[in-house]
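Structure assessment
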Amino acid sequence: MQTKAVLDVSMVVANFNNGCYLEEFFNSIRRSTSWPKEIIFVDDGSTDDSLLIARRASDSFDNLKIIALPKNAGFANALNVGIEHCTTTFIMRMDPDDVLLPERIERQYEYITRNDLDVVGSNAFIFHSSTGISIGSTNFPATHEEIAKTIVKGEHGVLHPTVFGRASFFRFAPYIQENVPAEDYDIFARFLKEGARFGNVIEPLIRYRIHDGSASSRLRYSTIARTYELRDSLFGGNTPRWRVLTYYWFIKSYRNYLGSRSIASKSVWAALTCLCYPQKVVRKIAMTAAWRPGRRA
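Residues numbered from 1 in each chain as written. Predicted model: local features only at pLDDT ≥ 70, side-chain atom pairs only at ≥ 80, totals over all residues. Heavy atoms only, no water.

**Some thoughts on the nonpolar core**
We count it as follows: By convention a nonpolar core is built from buried Ala, Val, Leu, Ile, Met, Phe, Trp, Tyr and Cys residues, the set being connected through side-chain atoms within 4.5 Å. Throughout, exposure labels follow a simple rule: accessible area from a 1.4 Å probe, protein chains only, divided by the maximum for the residue type, with under 20% read as buried, over 50% as exposed, and the rest as partly exposed. To qualify as a helix, a DSSP run of H or I must reach at least 4 residues; to qualify as a strand, a run of E must reach at least 2; elements of each kind are numbered from the N terminus. Any two residues whose heavy atoms approach within 4.5 Å are treated as being in contact.
Ranked by internal contacts, the top residues of the largest apolar core, which has 37 residues, are Met11, Phe25, Phe26, Ile29 and Phe61. When residues in this core are grouped by element, the largest group, five residues, is from strand 9 (residues 198-210). With residues near it in sequence (within four places) discarded, Met11 still touches Phe25, Ile29, Pro36, Glu38, Ile39, Ile40, Met92, Met94, Leu100 and Ile105. The next biggest cluster of nonpolar side chains, apart from the first, holds 35 residues, and it includes Ile40, Ala76, Val119 and Ala148.

**A short note on a nonpolar patch on the surface**
So the rule is basically this: Patches here are clusters of residues that have more than 30% relative accessible area and form no salt bridge, with a 9 Å joining cutoff for like charges and a 5 Å cutoff for nonpolar side chains (Val, Leu, Ile, Met, Phe, Trp, Tyr). Each accessible area is a Shrake-Rupley result for a 1.4 Å probe, and residues are judged covered by the shown protein chains and nothing else. For this analysis, a salt bridge means a side-chain nitrogen from Lys or Arg found within 4 Å of a carboxyl oxygen belonging to Asp or Glu.
Taken together, the side chains of Val268, Leu272 and Leu275 present a nonpolar region at the surface, about 280 Å² in accessible area. Under the relative-accessibility criterion, Leu272 is labelled partly exposed at 32%.

**Concerning the packing of helix 7 (residues 183-193) against helix 8 (residues 221-235)**
For any two helices packed against each other, one specifies the inter-axial angle together with the distance between the axes. Cut-off, in case you're wondering: Angles run from 0 to 180 degrees between N-to-C directions of axes, and those axes are lines fitted to C-alpha atoms, restricted for helices to the stretch in contact. Small angles under 35 degrees read as roughly parallel and large ones over 145 as roughly antiparallel, with 65 to 115 read as roughly perpendicular and the rest as oblique. Should the near helix be turned counterclockwise from the far one by less than a right angle, the crossing is left-handed, whereas a clockwise turn marks it as right-handed. The classification used treats Ala, Val, Leu, Ile, Met, Phe, Trp, Tyr, Cys and Pro as nonpolar, Asp, Glu, Lys and Arg as charged, and all other residues, Gly among them, as polar.
One way to put it is that helix 7 packs onto helix 8 with a least axis distance of 10 Å and a crossing angle of 15°. Taken together, helix 7 and helix 8 sit at an angle that is classed as roughly parallel. As for the relative orientation of helix 7 and helix 8, their crossing is right-handed in sense. Contacts between helix 7 and helix 8 pair Tyr185, Asp186, Ala189, Arg190, Leu192 and Lys193 from the former with Thr227, Leu230, Arg231, Leu234 and Phe235 from the latter. Its residues assigned to classes, the contact of helix 7 with helix 8 comprises six nonpolar, one polar and four charged.

What follows is the structure, given as C-alpha cells:
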C-alpha cells in the first residue's frame, strides 16, 4: 500500500448483509490508483458473513477500521457513526454492493481541490448483478448551478454512493434516519441551503449494482413523495400530486427499461419513460453524446 499515494479522505461504508458482494468490493479498492487515508466500515448488525469477510480483508488493509454495531441501527445512523470516526478533511461515500473504478479517489480529490468545491459526485455505470453486464449509465448535471437547480426542483443532483465531500458539512448537517430512504436528497439539499458548492465529474467512476435487494429495485411511491415533502419544507412551495406521480413513474419506467431483456418490453418502458418526462430523456441523450471515454471535465 505504501507504493500508492495516500490522500486526505475517509471512505465511509455502511453495510448490512452484503457479504456476497464484499470480496468484489474490497478487490476494487485494492485496484485503486490512490488510497484513502482510512476506510471506515460500519457493519449495521449483519446476520450474514459480512464481518468475517471484512475482518479477513483487514489483513491487507492497514487503513481499514471496522465498527460492528450490536444491532441494526438503520442506514443513516450507521453512516453517522462512521462519520464520527473520520479524521480527514474529506469524506467519500461508497456502498458495499457497488464497485469502485480505479481512478475514482484520485480523480475526485483532484477535482474538488482544484475547483474549491464542497461536494463532488460523478456518474456511474449501471450493471445488473445477475449478469455483470452494464445496462446503462447515469447522467447527472456537471456544474454547481445545474446541480442546485436540480435539487431545488426536488430531484437528485448527485448520486449518493459517488459523493466526495468536506467532512465539515457531514458533521454540521448529519444524516437523519427518519428520512430514509430519502436521506440522500435530504442531506444534500441541507448542504445546499448551508452554502455548499457542488460539482460532478462527468465520467462514470463507480459501477452501480442493481439487484433484488437494492434500493433501486425496490422504489416506492412513498420515497418520491417524501422527497418532495422535504423539498417543499426546505425550499418552499407545495408540489402537486400529479408532479410526484409523474416523477415516480418516470423513474420506475426507466429502471424497468434498463432491466428488461426483451425488445418488446424495452420498447414499452422506453415509451412510458419519454411520456412521463420527455425533457429528461432529451437531456440524457445530449449528455451521453457529450461524454466519451478518456475525456476529462
